[in-house]
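Commentary on secondary and tertiary structure
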Amino acid sequence: MIVSRQKPFTDILAALDGVSRVFVIGCAKCATVCKAGGEEQVWQMQERLTEAGREVTGSIVIDEACHLLRVQRDLRAKGEMVRSAEALLVLACGAGVQSVSAGTDKRTVAGLDTLFLGNIRRFGQFEQRCSLCGACRLNETAGICPVTLCPKGILNGPCGGMDEGRCEVNPNAECAWHQIFTRLQGQAEAGPLADTTPPADFSASSRPADLKLDT
Ligand code: SF4
Ligand code: SF4
């Protein structure tokens, strides 16, 4: 899921400078799980904006804010509430914000900072395990991602700074390459480490990306 958190309210107010009428939009998926843009946060945001002297013309929590067509359809259904607003405040990830901005000329304000693709450890606690590099190496690294878990993103580790299995950059963590090697040894599959991994092909993660799935 996409992990995000709310911007400081002062930053949101600054982005709404000169705006008196605001429509608030949340997302029922990732932003809800992160407690950043679900029903509760949208409601709280309305109250805070009202206390700050802004008129909230209405609100909606869209099922998936990253769904371009659904967002446009749901906002059209809100009619005058959206039309009368001077700005749309979006409590969703960056993709969700752009689903909104793609269909309107109104000022579209991002209320969240989008942080990373995260795994859920428990409710309210997330870990980054994948950096969306576009050329997954997990088959060669025993299911442990060096691109993400090694602070240097080294593809041929460990680096010279590893100290008794601990990471040079973050001594509180086990070196990602130490984890990889230990697991491969346990699987009697240390073979891939005998080869040097060629330099990363950064074209695999070029932007903007586009993928169409044939169904
Ligand atoms: S190798 Fe790339 S795609 Fe695979 S988990 Fe790591 S960052 Fe994600
Ligand atoms: S000690 Fe290991 S995890 Fe830390 S930077 Fe070096 S190779 Fe990466």
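Residues numbered from 1 in each chain as written. Chains lettered and ligands numbered in written order. Predicted model: local features only at pLDDT ≥ 70, side-chain atom pairs only at ≥ 80, totals over all residues. Heavy atoms only, no water.

1. Structural notes on the site of ligand 2
In the vicinity of ligand 2, the contacting residues are C150, P151, K152, P158, C159, M162, C167, E168, V169, C175 and A176. According to the grid-proximity analysis, the pocket containing ligand 2 is the largest cavity. Its residues assigned to classes, the shell around ligand 2 shows nine nonpolar, no polar and two charged. (Near = heavy atom within 4 Å. 1 Å grid on protein atoms, 1.4 Å probe; cavity = no way out; pocket = protein on both sides within 12 Å on 5 of 7 lines; lining within 4 Å. Sits in = over half its atoms within 2 Å of the grid points. Nonpolar A, V, L, I, M, F, W, Y, C, P; charged D, E, K, R; others polar.)

2. Concerning empty space enclosed by the protein
Applying the stated criterion across every chain yields a total of one cavity of 30 Å³ or more. Roughly 90 Å³ of internal volume is contained in the largest cavity. For the largest cavity, the lining is made up of 14 residues, of which C150, P151, C159, C167 and C175 are closest to its centre. For the lining of the largest cavity, a count of residues per class yields 11 nonpolar, no polar and three charged. (Points joined across faces, edges and corners; volume = space filled by probe spheres on them.)

3. Brief notes about the side chain of T141
Among the structural elements, T141 can be located in the loop between strand 7 (125-128) and helix 7 (146-149). For T141, a relative accessible area of 4% corresponds to the buried category. Only 3.0 Å separates the side chain of T141 from the backbone oxygen of R137, close enough to count as a polar contact. With near-sequence residues (within four places) excluded, T141 lies in contact with P146, W177 and I180. (Helix = DSSP H or I, 4+ residues; strand = E, 2+ residues; numbered from the N terminus. Buried < 20%, exposed > 50% of the residue type's maximum accessible area, 1.4 Å probe, protein only. Polar contact = N/O pair within 3.5 Å; in protein donor to acceptor, adjacent residues only side chain to side chain. Contact = heavy atoms within 4.5 Å.)

4. Focus on the nonpolar core
By size, the foremost hydrophobic cluster in this structure holds 34 residues, and its most contacted members are I25, L75 and L89. Of all the secondary-structure elements, those providing two or more residues to this core are helix 1 (9-15), strand 2 (21-27), helix 3 (39-51), strand 3 (55-62), helix 4 (68-77), strand 4 (87-91) and helix 6 (94-101). Each residue touching I25, except ones within four places of it in the same chain, is listed here: V42, I60, I62, L75, L88, L89, V90, L91 and V100. Counting residues in hydrophobic clusters, the runner-up holds six residues, among them C175, W177, I180 and L184. (Core = buried A, V, L, I, M, F, W, Y, C linked by side-chain atoms within 4.5 Å.)

5. Notes on the sheet that holds strand 2
Judged by pairing direction, the sheet is parallel, and its four strands sit side by side in the order 3-2-4-5 without closing on themselves. Each of the sheet's edge strands pairs with one partner strand only, and the pair in question is strand 3 and strand 5 (107-110). On average, each strand axis in the sheet is inclined to that of its neighbour by 20°, with strand direction left out of account. In the sheet, strand 2 pairs with strand 4 via five bridges, with the strands oriented parallel. Within strand 4, the position partnered with I25 by the bridge is V90. (Pairing = 2+ DSSP bridges. Axes fitted to C-alpha atoms, helices over the stretch in contact; angles between N-to-C directions.)

6. Observations concerning the site of ligand 1
In the neighbourhood of ligand 1, the contacting residues comprise C130, S131, L132, C133, C136, R137, L138, C145 and T148. By residue class, the composition of the shell around ligand 1 is six nonpolar, two polar and one charged.

7. Some remarks on the pairing of strand 6 (residues 112-122)
Where strand 1 (residues 2-6) lies against strand 6, five bridges are found, and the strand directions are antiparallel. Its bridge partner lying in strand 6, R5 is registered against D113. Two elements, strand 6 and strand 7, share four bridges in a ladder whose sense is antiparallel. Across the sheet, R122 pairs through a bridge with Q125, a residue of strand 7. Between the antiparallel neighbours strand 6 and strand 7 lie two residues, among them G124 with a positive phi of about 90°.

8. Comments concerning the sheet that holds strand 7
For sheets, the rule is that strands pair by backbone hydrogen bonds, running either parallel or antiparallel. Across the sheet, three strands lie side by side as 1-6-7; this open sheet has antiparallel pairing. The open sheet terminates on both sides in strands that have one partner only, identified here as strand 1 and strand 7. Averaged over all adjacent pairs, the angle separating strand axes in this sheet is 70°, with direction ignored.

9. Considerations on the pattern of salt bridges
Applying the stated criterion across every chain yields a total of 11 salt bridges. R70 is the partner of D63 in a salt bridge, and the nearest nitrogen-oxygen pair spans 3.3 Å. Take D63: its relative accessible area is 35%, and that puts it in the partly exposed class. In this structure R70 comes out as partly exposed when scored by relative accessible area, which is 22%. Each of K29, D63, E64 and R70 takes part in salt bridges that share partners, so that together they form one network. (Salt bridge = Lys/Arg side-chain N within 4 Å of Asp/Glu carboxyl O.)

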